[in-house]
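# Topology and contacts: notes
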Amino acid sequence: SQSRYNISVPSSIVVDATIPNAVYPNNDFAIQAVPNITDISVTGDIVGWWAPGFYFNYMVTVCNQGTTVADGTVNLIYDSNRLQYNSAIPNPSGIQANNLAWSYTNLAPGNCQTFNIYFRNDSLTELGSILNFTSTASTLLPDSTSPENGWRLSVVPILHPRLS
């Protein structure tokens, strides 16, 4: 992948570090962002406990690891046969049977945006069955490291003693 930063260091420098409060000129270094690198990543995770018949929170986070402002779309694909979509913050810009979509704009370098989604797990979901979540993110400009633009999480419902 393309380096996002240029690093400038002096070719060599020798100092006598035994002198208290000494100032050593001409030993500067610099880190400068390479302009216009688009690089986003996406992750997803469940917050708290989740079990058949209960509500739970899922978070999708898109992060700008590039050196320019990013704009694009985030999608979450889920098992709509066993999960009932309840709400999200912010509201999705698109809702289909098993796919939620959001647009993000002006995501500054080094910043992230999180989308909180609330589901209800069907009470008939069997303990031990696997539920899959797939999060993807895209940008309006070509991404320098597109393998980071997808995230898949497989989870197994449990029965927590405090929920029974």
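Read on for an overview of the structure.

The rules behind the values
- Residues numbered from 1 in each chain as written.
- Predicted model: local features only at pLDDT ≥ 70, side-chain atom pairs only at ≥ 80, totals over all residues.
- Heavy atoms only, no water.
- Helix = DSSP H or I, 4+ residues; strand = E, 2+ residues; numbered from the N terminus.
- Buried < 20%, exposed > 50% of the residue type's maximum accessible area, 1.4 Å probe, protein only.
- Contact = heavy atoms within 4.5 Å.
- Areas by Shrake-Rupley, 256 points an atom, 1.4 Å probe, with all protein chains shown as cover.
- Disulfide = S-S within 2.5 Å.
- Phe/Tyr/Trp six-rings, centres within 6.5 Å; stacked < 30°, edge-to-face > 60°.
- Core = buried A, V, L, I, M, F, W, Y, C linked by side-chain atoms within 4.5 Å.
- Pairing = 2+ DSSP bridges.
- Axes fitted to C-alpha atoms, helices over the stretch in contact; angles between N-to-C directions.
- Patch = residues over 30% accessible without salt bridge, like charges linked within 9 Å, V, L, I, M, F, W, Y side chains within 5 Å.
- Salt bridge = Lys/Arg side-chain N within 4 Å of Asp/Glu carboxyl O.

## Regarding the overall build of the protein chain
- Scanning the protein chain from terminus to terminus reveals zero helices and 11 strands.
- Traced from its N-terminal end to its C-terminal end, the protein chain shows the element sequence β-β-β-β-β-β-β-β-β-β-β.
- Across the 164 residues that make up the protein chain, the buried fraction comes to 35%.
- Summarising the internal contacts of the protein chain: among those between residues at least 6 apart in sequence, 72% fall at separations of at least 24.
- Accessible surface, the protein chain: about 9,900 Å² in total, of which carbon and sulfur atoms supply 53%.

## Quick notes on unusual backbone geometry
- Between Ile89 and the following residue, Pro90, the backbone shows a cis peptide bond with an omega angle of -10°.
- Summarising the element assignment, Pro90 is placed in the loop between β6 (83-89) and β7 (94-95).
- Phi at Asn36 is positive, roughly 65°, even though this residue is not glycine.
- Considering the arrangement of structural elements, one finds Asn36 in the loop between β2 (30-33) and β3 (40-47).
- Residue Asn106 is not a glycine yet carries a positive backbone phi of 55°.
- Summarising the element assignment, Asn106 is placed in strand β8 (residues 99-107).

## Quick notes on the state of the cysteines
- Scanning all chains against the criterion turns up one disulfide.
- A disulfide bridge connects Cys63 with Cys112, and the sulfur atoms are separated by 2.1 Å. Between Cys63 and Cys112, the disulfide has an S-S torsion of 105° and is therefore right-handed. With Cys63 in strand β4 (residues 55-64) and Cys112 in strand β9 (residues 112-121), this pair connects stretches of sequence that are 49 residues apart.
- Residue class for Cys112 comes out partly exposed when judged on its relative accessible area of 46%.

## Considering the packing of aromatic side chains
- Taken as a whole, this structure holds seven aromatic pairs when the rule is applied.
- Relative to Phe133, the ring of Phe56 lies with its centre 6.3 Å away and its plane at 85°, an arrangement referred to as edge-to-face. Taken together, the residues Phe56 in strand β4 and Phe133 in strand β10 (residues 131-139) connect sequence positions 77 residues apart.
- Since its relative accessible area comes to 4%, Phe56 is described here as buried.
- The exposure class of Phe133 is buried, given its relative accessible area of 0%.
- Members of the aromatic cluster, connected to one another through ring pairs, are Phe56, Tyr58, Tyr78, Tyr85, Phe119 and Phe133.

## Concerning the side chain of Asp39
- Its location among the elements puts Asp39 in the loop between β2 and β3.
- Taking the relative accessible area as the measure of exposure, Asp39 reaches 1% and is therefore buried.
- Setting aside chain neighbours within four positions, we find Asp39 in contact with Arg4, Cys63, Asn64, Gln65, Gly66, Asp143, Ser144, Thr145 and Glu148.

## Considerations on the nonpolar core
- Tyr58, Ile117, Phe119 and Phe133 are the most contacted members of the largest nonpolar core, which has 26 residues in total.
- Those elements that provide at least two residues to this core are β3, β4, β5 (70-77), β6, β8, β9, β10 and β11 (150-155).

## Some words on the sheet that holds β9
- With respect to topology, four strands assemble into an open sheet ordered β3-β4-β9-β6, the strand pairing being antiparallel. Both outer strands of the open sheet, β3 and β6, are each paired with one neighbouring strand and no more. Between one strand axis and the next, the sheet turns by 25° as a mean value, whatever way the strands run.

## Focus on a nonpolar patch on the surface
- Taken together, the side chains of Tyr5, Ile7, Val9, Phe29 and Ile31 define a hydrophobic patch exposed on the protein surface, amounting to about 590 Å² of accessible area.
- Here Tyr5 shows up in strand β1 (residues 5-8).
- The exposure class of Tyr5 is partly exposed, given its relative accessible area of 42%.

Geometric values such as these leave the question of function open.
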